[in-house]
Amino acid sequence: MDNIKEYNLFLCDSPYQILSAVNIIEMQKARNRSLMCVINMFTGCNNILYELKRRGFNIFEFKLEKLNKAFKIIKYLLDCCQLRKITKNRRLKIFVSSQSGYVVLFYFFLYQKKYELVFYDEGLYSYTCFFSTGNPFEEYFKNHVFFKYIFGKKHPVFNKTIYLYAPKFAREDSSANFCRIEMSYNMCSSFLKDKPDKIIVQSKIIIFDQYFLNNSIEYKKYLKLLHYIYKNSNYKICIKKHPRNEYISYESDEIKIVANDNNLWEAEAVGIGITDRILITYYSSAVFMPAILNNCSYTIILLYKLILKPDITLYKVIDDFVTRFQRYSDNVKVFVPSTVLELIQIIKDC
């Protein structure tokens, strides 16, 4: 790091978060006063970091990919201490994109009263929760007594600034200070390790995989729905796996799983073109982002009503976002079937 006194620190733990950080840095022309702190726990991280370093971005890497959970936390804390020494005597603006344990530890290990906290776009999560409280970590502390006990008396300086690609989709009230992120298309190639897989290029229907607990009821429902989708469609179908997840245990050759998947979807979608395609997911933000970033025309089918119970919080949060998305997005058809029969009919009609 150079001798500049004011610095932007971005904490990133996914390709999408890195893309958002890069776009903010490029938009502000702030490469020489920004540091991306990347938690290396996802597929393709090394390739992305290599490209960004080659382009002149400043990177601080948390190398945690080969450690078990306990050692990950220890190594992470040690790295945070090292980062604190590196950033000593600087006034920091700390950009984070969620309220996870890693974020809380990151912020409070670097904590100084003069530091400012900012939230930035990480996908659906950024459009479905509130950050505008006096202490944006308050909800997290309620559910994690350890963090409340250690950090509860420290209140981050949060001026309610939130960087989003599409502020109009946000759940926040008007008191939030929204800044629109501009997409830097010339940076997309840094997030493309390979040429788009032929399976994706040739598939009319792309299914976006997500996290499921092994052998959970939700997971079993999901597998059945994949079978129904295949049996009732005349199109080629593929599954794009989650960047932080192994392949789903789908025991049939009915639907092709993209094997070599080191590309960030939001960057890849720009290249392959998704006009008139059908994107299906449980509730992944990946299906919404091409419309948010590029204003594309395509079809979305969401499966959450067939998997989640309507009385749980996640169901209500997703439902609320979908309503806002449908209100403001004119080019995208969104289907949310409530029954399997309805899903089958939608697939047949598409």
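One structure accompanies this document, and this report is about it. (Residues numbered from 1 in each chain as written. Predicted model: local features only at pLDDT ≥ 70, side-chain atom pairs only at ≥ 80, totals over all residues. Heavy atoms only, no water.)

1. What to know about the packing of aromatic side chains
Alright, step 1. Following the criterion strictly, the structure yields 19 aromatic pairs and no others.
Alright, step 2. A ring pair is formed by phenylalanine 10 and phenylalanine 95, whose centres lie 4.2 Å apart and whose planes are at 20°; its orientation type is stacked. Residue phenylalanine 10 is found in strand 1 (residues 6-12), and its partner phenylalanine 95 is found in strand 4 (residues 91-96); the two are separated by 85 residues along the sequence. Here phenylalanine 10 matches phenylalanine 95 in class, with each residue buried.
Alright, step 3. Put simply, the rings of Tyr127, Phe169, Phe288, Phe321, Phe325 and Tyr328 pair up and form one aromatic cluster. (Phe/Tyr/Trp six-rings, centres within 6.5 Å; stacked < 30°, edge-to-face > 60°. Helix = DSSP H or I, 4+ residues; strand = E, 2+ residues; numbered from the N terminus. Buried < 20%, exposed > 50% of the residue type's maximum accessible area, 1.4 Å probe, protein only.)

2. Some remarks on the packing of helix 9 (residues 217-231) against helix 14 (residues 340-349)
Alright, step 1. Closest axis-to-axis distance for the helix 9/helix 14 pair is 9 Å, and the angle between their directions is 35°. Crossing geometry of helix 9 relative to helix 14 is assigned as right-handed. Along the contact surface, helix 9 presents Leu225, Tyr228 and Ile229, while helix 14 presents Val340, Leu343, Ile344 and Ile347. (Axes fitted to C-alpha atoms, helices over the stretch in contact; angles between N-to-C directions. Left-handed = near helix turned anticlockwise from the far one by under 90°. Contact = heavy atoms within 4.5 Å.)

3. Notes on the side chain of threonine 161
Alright, step 1. If you trace the backbone, threonine 161 turns up in strand 6 (residues 157-164).
Alright, step 2. Here threonine 161 falls in the buried class, since its relative accessible area comes to 6%.
Alright, step 3. Separated by 3.1 Å, the side chains of threonine 161 and asparagine 177 make a polar contact. (Polar contact = N/O pair within 3.5 Å; in protein donor to acceptor, adjacent residues only side chain to side chain.)

4. Re the pattern of salt bridges
It is possible for side chains bearing opposite charge to pair when their charged atoms get close.
Alright, step 1. Using the criterion set out here, one finds seven salt bridges in the structure.
Alright, step 2. Residue glutamate 51 is joined to arginine 54 by a salt bridge in which the shortest nitrogen-to-oxygen separation is 2.8 Å. Remark: arginine 54 and glutamate 51 occur in helix 2 (residues 45-54); sequence separation between them is three residues, near one turn of the helix.
Alright, step 3. Close ionic contact of aspartate 320 with arginine 324 constitutes a salt bridge, the shortest N to O distance being 2.8 Å. Taken together, the residues aspartate 320 and arginine 324, both in helix 13 (residues 313-328) and four residues apart, mark about one turn of the helix.
Alright, step 4. The exposure class assigned to arginine 324 is buried, which follows from its relative accessible area of 8%. (Salt bridge = Lys/Arg side-chain N within 4 Å of Asp/Glu carboxyl O.)

5. Focus on the nonpolar core
Alright, step 1. Ile18, Met36, Phe62 and Phe106 are the most contacted members of the largest nonpolar core, which totals 120 residues.
Alright, step 2. If you tally residues by element for this core, the top one is helix 1 (residues 15-27), at seven residues.
Alright, step 3. Setting aside anything within four residues of it in sequence, one finds phenylalanine 62 in contact with Leu11, Cys37, Val38, Ile39, Asn40, Tyr76, Asp79, Cys80, Leu83 and Phe106. (Core = buried A, V, L, I, M, F, W, Y, C linked by side-chain atoms within 4.5 Å.)

6. Concerning unusual backbone geometry
Alright, step 1. One non-glycine residue, lysine 29, lies in positive phi territory at about 50°.
Alright, step 2. Checked against the element boundaries, lysine 29 lands in the loop between helix 1 and strand 2 (34-40).
Alright, step 3. Here lysine 29 falls in the exposed class, since its relative accessible area comes to 73%.
Alright, step 4. Unusually for a residue other than glycine, aspartate 276 sits at a positive phi of about 70°.
Alright, step 5. With respect to the helices and strands, aspartate 276 occurs in the loop between helix 10 (265-272) and strand 11 (278-281).

7. Re the packing of helix 3 (residues 69-86) against helix 4 (residues 101-109)
Alright, step 1. Two elements in contact, helix 3 and helix 4, have axes separated by 9 Å at closest approach and are oriented at 30°. The orientation of helix 3 with respect to helix 4, classified from their angle, is roughly parallel. The element helix 3 and its partner helix 4 pack so that their crossing is right-handed. The residues of helix 4 that touch helix 3, namely those facing Lys72, Tyr76, Leu77, Cys80, Cys81, Leu83 and Arg84, are Tyr102, Val103, Leu105, Phe106 and Phe109.
Alright, step 2. Of the residues belonging to the contact of helix 3 with helix 4, the class tally is 10 nonpolar, no polar and two charged. (Parallel < 35°, antiparallel > 145°, perpendicular 65-115°, else oblique. Nonpolar A, V, L, I, M, F, W, Y, C, P; charged D, E, K, R; others polar.)

8. Section: a nonpolar patch on the surface
Alright, step 1. Together, Leu67, Phe71, Ile74 and Leu78 line one region of the surface with nonpolar side chains, adding up to about 390 Å² of accessible area.
Alright, step 2. Of note, leucine 78 is situated in helix 3.
Alright, step 3. Leucine 78 gets classed as exposed once you look at its relative accessible area, which sits at 55%. (Patch = residues over 30% accessible without salt bridge, like charges linked within 9 Å, V, L, I, M, F, W, Y side chains within 5 Å. Areas by Shrake-Rupley, 256 points an atom, 1.4 Å probe, with all protein chains shown as cover.)

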